[in-house]
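# Breakdown of the fold
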Amino acid sequence: MRSPDATYVRKACAYVTRSSGDLLVFEGPEHDGFQVPKGTVEDGETPREAVFREVAEESGLGRLGPVRHLASDVWCRRESPPRWYVRSFFHARVHDTRDRWRHVVTGDGAEQGREFEFSWIAPNRDTEFALDLDDYLFLLEAG
């Protein structure tokens with residue numbers, strides 16, 4: 001049953017990999033564990049469009065290969081007052097030779113101006129991700 005005071009926020013999440021299969025991650029403020037580029041889908045924007053924008057704003061990567069939708073879900077961000085994320089996960093490949101870099105977030109979201117340090121990891125089941133962002137990593141193996 002849907003709570004009348006519940007908030008639903010559309011989110012786009014990007015699993016960005018390079019040819020080695022390594023996954024782009026960062027450790028952001030306020031959360032324990034790795035994160036992937038992600039953010040709120042703006043009004044008039046599709047989740048696919050949002051994933052391109054979020055990757056560019058958060059990481060500085062502007063050229064992604066083909067983007068494939070992996071999964072969508074509804075995830076409980078907070079129970080009281082109820083806040084749910086309607087998450088869409090995508091996979092994109094990128095050719096980038098840097099192993100680590102820092103990027104100051106652009107755009108006009110809450111993270112604007114924060115600096116994130118990006119790196120690549122070989123994801124495995126023991127790697128801890130914030131916000132259950134690893135829920136669909138197993139789908140990378142299927143594609």
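Residues numbered from 1 in each chain as written. Predicted model: local features only at pLDDT ≥ 70, side-chain atom pairs only at ≥ 80, totals over all residues. Heavy atoms only, no water.

### Thoughts on unusual backbone geometry
- In this structure, proline 81 follows serine 80 across a cis peptide bond, with omega equal to -10 degrees.
- By secondary structure assignment, the location of proline 81 is in the loop between β4 (67–78) and β5 (83–93).
- Of note, the phi angle at leucine 131 is positive, near 55 degrees, even though the residue is not glycine.
- Mapped onto the elements of the fold, leucine 131 is located in the loop between β7 (115–121) and α2 (138–142).
- Positioned with a positive phi, aspartate 132 is a non-glycine residue whose angle comes to about 55 degrees.
- Of note, aspartate 132 is situated in the loop between β7 and α2. (Helix = DSSP H or I, 4+ residues; strand = E, 2+ residues; numbered from the N terminus.)

### Structural notes on the side chain of serine 59
- When you line up the elements, serine 59 lands in helix α1 (residues 47–59).
- A polar side-chain atom of serine 59 sits 2.6 Å from the main-chain carbonyl oxygen of valine 55.
- Sequence-distant contacts of serine 59, defined by excluding residues within four places in its chain, comprise Leu24, Glu54, Trp101, His103 and Phe118. (Polar contact = N/O pair within 3.5 Å; in protein donor to acceptor, adjacent residues only side chain to side chain. Contact = heavy atoms within 4.5 Å.)

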